[in-house]
Amino acid sequence: MAGGRRAAAGGADSSPVAAPPHPAAPRNTPADVSSFIHTPFYCEENIYMLCKELTRIGVADPMGSDLYVVFISNEEKKIPLWHQKASNSDEGFICWDYHVICIQVKRNKGEILDLVWDLDSDLPFPSPFNQYVSDAIRPLAFGDSIYRRLFRVVHAPLFLQSFASDRSHMKNPAGNWIQLPPNYDPIMAADGTANNLNEYIAMSVEDVANLESMVNDVYSNKHGVVVNEAILTRFFSQLPDLHP
């Protein structure tokens, strides 16, 4: 994949949605993508490390309260994304089983300036939220599809305490690596849990609750809340600015 797990399919597959034009050239950004830890096919760990680094260098709140980890998947484990570096197509189209990004909520005098941090995208790093939705997610032209994406949104302070992966999903039945792992130790949760990756990836349309309750519950549910494509933008627009 382009950042954290095995791909369901890749390359220049036929697109399930209409393709908008390629975005403008990247602008100067506050951080260089090459300065962050990145292990191909381990996007969940890459985003875990990115959240910690953003807090360390002062780009995010010291507790990560303005950061949200977002797992993108669906029941079929087939999610189309564009502008992915691992793609072989001109528009960066690829169909992953899941992907993980970080969204930073930023407000300025009521203006929404949310950013998307995707280590596997060729869009600006970070990208304005609306640009990423338009160019990388490209909301489906038809709603009821096996390709419709779901988004598990987890508040970063909870994610950094609760996430764990023993990387077993990257081994074949013989115990050999499908993709080489990062060169640091596997991530364990604060309570000693060794592996709960699938609890973040698994999601269905039945997991989507009403918007108001999810805006509140994202701060208490360690596995976050599941948002569909129709309310993704509205969900983030209603989150408060927790950066002091």
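Treat the numbers as computed from the prediction; the structure is a model and nothing was measured.

K.L.:
Explain the packing of aromatic side chains to me, please; I cannot follow it from the model alone.
P.N.:
To describe a pair of aromatic rings, you give the distance between the ring centres and the angle between the ring planes. Scanning the model with the defined rule gives 16 aromatic pairs in all. When the centroid spacing of 6.5 Å and the interplanar angle of 90° are considered together, the rings of Phe41 and Trp96 count as edge-to-face. Remark: Trp96 occurs in strand E4 (residues 94-96) and Phe41 occurs in the loop between strand E1 (7-9) and helix H1 (43-56); sequence separation between them is 55 residues. Using a relative accessible area of 1% as the deciding quantity, one classes Trp96 as buried. Following the ring pairs from residue to residue traces out a cluster consisting of Tyr48, Phe71, Phe159, Phe163 and Tyr200. When the ring centre of Trp177 is taken as reference, the NZ or CZ atom of Lys171 above it lies at 4.7 Å.

K.L.:
Looking at this structure, I do not really get the confidence of the model for the chain. What am I missing?
P.N.:
In regions of low pLDDT, the predicted coordinates are not meant to be interpreted in detail. In this model, the chain carries a mean pLDDT of 87, and residues with pLDDT of at least 70 account for 86%. Segment residues 2-29: pLDDT under 50, and 87 contacts once partners within four positions in sequence are set aside and those in other chains are kept.

K.L.:
Got a minute to help me understand the pattern of salt bridges in this structure?
P.N.:
Any two side chains of opposite charge can pair, on the condition that their charged atoms come close. Tallying each qualifying case throughout the model produces five salt bridges. A salt bridge links Asp114 to Arg107, with the shortest nitrogen-to-oxygen separation between them at 2.4 Å. Side by side, Asp114 and Arg107 carry an identical accessibility label, which is buried.

K.L.:
I would appreciate a short explanation of helix H2 (residues 129-137) in the present structure.
P.N.:
The periodicity of an α-helix, 3.6 residues per turn, causes residues three or four places apart in sequence to face the same way. Counting buried residues along H2, seven of its nine residues qualify, which places the element largely inside the surrounding structure. Those residues of H2 that fall on the buried side of the exposure criterion are Phe129, Gln131, Tyr132, Val133, Asp135, Ala136 and Ile137. Check the buried side of H2 and you find it contacts strand E3 (79-81), strand E5 (99-104), strand E8 (115-117), strand E9 (127-128), strand E10 (150-155) and helix H6 (232-237). Two residues or fewer after H2 comes Arg138, characterised by a positive phi angle close to 50°.

Calculation rules
Within each chain, residue numbers correspond to sequence positions counted from 1 in written order. It should be noted that, the model being predicted, local features are given only for residues of pLDDT at least 70 and side-chain atom pairs only at 80 or more, the latter also being counted only at that level, while totals for whole chains, interfaces and linings use all residues. Excluding hydrogens and water, the side-chain figures rest on all heavy atoms present in the structure. Ring geometry is summarised as follows: Phe, Tyr and Trp rings, the Trp one being its six-membered ring, pair when their centres sit within 6.5 Å, and such pairs are stacked at plane angles under 30 degrees, edge-to-face over 60 and tilted between the two. Secondary structure elements follow DSSP: runs of H or I no shorter than four residues count as helices, runs of E no shorter than two count as strands, and numbering proceeds from the N terminus. To sort residues, take the accessible area from a 1.4 Å probe on protein chains only and compare it with the maximum for the residue type: under 20% means buried, over 50% means exposed, and anything in between is partly exposed. Charge over a ring is defined by NZ of Lys or CZ of Arg lying within 6 Å of the ring centre and within 35 degrees of the ring normal. The predictor rates its confidence in each residue with pLDDT, a number between 0 and 100. Two residues qualify as a contact provided that any one of their heavy atoms is within 4.5 Å of a heavy atom in the partner residue. Here a salt bridge means any side-chain nitrogen of Lys or Arg lying within 4 Å of a carboxyl oxygen belonging to Asp or Glu.

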